[in-house]
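One-letter residues, chain by chain:
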Amino acid sequence: MKKVTVRVPATSANCGPGFDTLGLACTLYNETTYEITDRKGFQLEVTGEGSEYLKPFGRNLAFASFLRIWNKITDNERIGLKVTMINRIPMSRGLGSSSSAIVAGLYAANALCDDYYTKEELLDVATDIEGHPDNVAPALFGGFTISCMEKGKAHSLRLMPEKPLKFIAVVPDSKLPTTLARQAIPATVPHHDAVYNTSRASLLVGALLSGHYEYLGMALEDKLHQPYRAHLIPGLQDVFEAARAAGAYNAIISGAGSTVMAYASPEADCERIAQSMVQTFAKYGEHACYHILDIDKDGVKKL
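Note that the structure is predicted; figures quoted are calculated from it, not measured. (Residues numbered from 1 in each chain as written. Predicted model: local features only at pLDDT ≥ 70, side-chain atom pairs only at ≥ 80, totals over all residues. Heavy atoms only, no water.)

Glancing now at the overall build of the chain. From N to C terminus, the chain includes 10 helices and 11 strands. The globule rule puts the C-alpha radius of gyration for 303 residues at 19 Å, and the 19 Å found for the chain is close to it. Looking at the 303 residues of the chain, the share that counts as buried comes to 53%. Put simply, 74% of the contacts in the chain that link residues at least 6 apart link residues at least 24 apart. About 13,200 Å² of surface is accessible on the chain, with carbon and sulfur atoms providing 52% of the total. Treating the 30 positive side-chain charges of the chain as one cloud and the 33 negative ones as another, the clouds have centres 4 Å apart. (Helix = DSSP H or I, 4+ residues; strand = E, 2+ residues; numbered from the N terminus. Rg over C-alpha atoms; globule rule 2.2 N^0.38 Å. Buried < 20%, exposed > 50% of the residue type's maximum accessible area, 1.4 Å probe, protein only. Contact = heavy atoms within 4.5 Å. Areas by Shrake-Rupley, 256 points an atom, 1.4 Å probe, with all protein chains shown as cover. Lys, Arg positive; Asp, Glu negative; His and termini not counted. Charge placed at Lys NZ, Arg CZ, Asp CG, Glu CD.)

So, in structure tokens, the structure goes:
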């Protein structure tokens, strides 16, 4: 096989209190086709996000991640490689665009080599490239993931919530690079804040597994990263409040931001929640769009 198309879901890391640990996959997708060609070098065609500036070179994550697996399995067999992307996941907005490129490349190369590695084995490679597993894990496995590192190895437990949930992703026009968002977080935090987050992250997992969603309002609160990043997203606390007032359980910064994601019941008026959040952003001079999403169950897969 010389050609494969893979679909990778958007992801939302942290999920409020689960900094660098929790993540979920959403029903917004990038589709990427990898084709081995006789023409040496890299070719790239992009439709959608990043079409104006993504270039075909070895440091592009879509190519670098593919070659990481291809070279390992084939002992550096030289090939020409054409990549065709349909990108729907916003870039630098906290919805896992970089993780989607990493996972697409790894999974495609593995597929073209007769699925040499399992998804669990690809997780370690993806984590090594990304630096942490909270985004790449749900992109690989789908669902809601709990990830940790043990002696340099990534581990991830996938689960599905007991009952359906809706996710309202409100995406401001302004990008927020992950490096900038990480620089805002202090090197140490008070012990009582760590305990606060431990209790909320535990409650979040328990609420999702039991279906007791009445606890989600408390469970999605955080003191480890969101308070320190709030100044990077204009009107953040008011956007949170607008989501709750319109019927959401609560809202969080998705990944490093700038996307704000509300969690809601399927019976809630998700359009009203989205519009309330968009209008609140507008009061702070920030134009935003929105996506009403479900949880993706599959993770990356071949089309």
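For the rest of this paragraph, the subject is the sheet that holds strand β10 (residues 288-293). Strand order in the open sheet formed by four strands is β8-β9-β7-β10, with antiparallel pairing between adjacent strands. Two strands lie at the open edges of the sheet, namely β8 (250-253) and β10, each paired on one side alone. Averaged over all adjacent pairs, the angle separating strand axes in this sheet is 20 degrees, with direction ignored. When β8 meets strand β9 (residues 260-264), the two strands line up antiparallel, connected through four bridges. When the bridges of β9 are listed, I253 appears paired with V260. Where helix α9 (residues 236-245) meets the sheet, it contacts β8 and β9, and its direction lies at approximately 150 degrees from that of β8. Of the strands in this sheet, β7 (166-172), β9 and β10 touch helix α10 (residues 270-283), which is tilted by about 20 degrees from β7. (Pairing = 2+ DSSP bridges. Axes fitted to C-alpha atoms, helices over the stretch in contact; angles between N-to-C directions.)

Compared with an ideal rise of 1.5 Å per residue, which puts 14 residues at 20 Å, helix α1 (residues 61-74) spans 19 Å between its outermost C-alpha atoms and is within 8% of the ideal. Of the positions making up α1, those classed as buried are A62, F63, S65, F66, L67, I69 and W70. Each element contacted by the buried residues of α1 is listed here: β2 (22-37), β3 (41-48), β4 (80-87), α2 (97-112) and α3 (119-130). Looking one or two residues beyond α1, the residue adopting positive phi is D75, at roughly 60 degrees. (Expected span 1.5 Å × (residues − 1).)

To continue, consider the layout of surface pockets. If you roll a probe as big as a water molecule over the atoms, it shows you where there is empty space left. Here the largest pocket is characterised by a volume of approximately 810 Å³. Together, 45 residues line the largest pocket, and L61, S92, S97, S98 and S99 are the ones closest to its centre. Breaking the lining of the largest pocket down by element, the ones donating at least two residues are β1 (3-13), β2, α1, β4, α2 and α5 (178-183). Among the elements that make up the lining of the largest pocket, the one with the highest residue count is α2 (six residues). Among the residues making up the lining of the largest pocket, the classes are represented as 18 nonpolar, 18 polar and nine charged. (1 Å grid on protein atoms, 1.4 Å probe; cavity = no way out; pocket = protein on both sides within 12 Å on 5 of 7 lines; lining within 4 Å. Points joined across faces, edges and corners; volume = space filled by probe spheres on them. Nonpolar A, V, L, I, M, F, W, Y, C, P; charged D, E, K, R; others polar.)

Nonpolar side chains in soluble globular proteins generally cluster together in the buried interior. Membership of the largest hydrophobic core comes to 39 residues, with the highest contact counts inside it found for Y34, F66 and W70. Of all the elements in the fold, those that place two or more residues in this core are β1, β2, β3, α1, β4, α2, α3 and α4 (136-141). Top contributing element to this core by residue count: α2, with nine residues. Excluding its chain neighbours within four sequence positions, the residues that come into contact with W70 are I36, D75, E77, I79, A109, L112 and C113. One finds C26, L95, F167 and M261 within the second-largest nonpolar core, a separate group that totals 27 residues. (Core = buried A, V, L, I, M, F, W, Y, C linked by side-chain atoms within 4.5 Å.)

Now for the packing of aromatic side chains. Under the criterion given, the structure shown has six aromatic pairs. Consider the rings of Y34 and F66, whose centres lie 5.0 Å apart with planes at 10 degrees: the pair is stacked. Of this pair, Y34 sits in strand β2 while F66 sits in helix α1, and the two are 32 residues apart along the sequence. Each member of the pair, Y34 as well as F66, carries the same accessibility label: buried. Ring centres of Y213 and Y249 lie 6.1 Å apart, and the angle between their planes is 80 degrees; on these two criteria the pair is classed as edge-to-face. Here Y249 lies in the loop between α9 and β8 and Y213 lies in the loop between α6 (191-210) and α7 (216-219), a separation of 36 residues in the sequence. For Y213, a relative accessible area of 3% puts it in the buried group. Members of the aromatic cluster, each reached through a chain of ring pairs, are Y34, F66 and W70. Geometry around Y213 places K163 over its ring, the cationic atom sitting 5.1 Å from the centre. In this structure, R200 is placed above the aromatic ring of Y196, and the distance from its NZ or CZ to the ring centre is 3.8 Å. (Phe/Tyr/Trp six-rings, centres within 6.5 Å; stacked < 30°, edge-to-face > 60°. Lys NZ or Arg CZ within 6 Å of the ring centre and 35° of its normal.)

So yeah, pure geometry; function would need other evidence.
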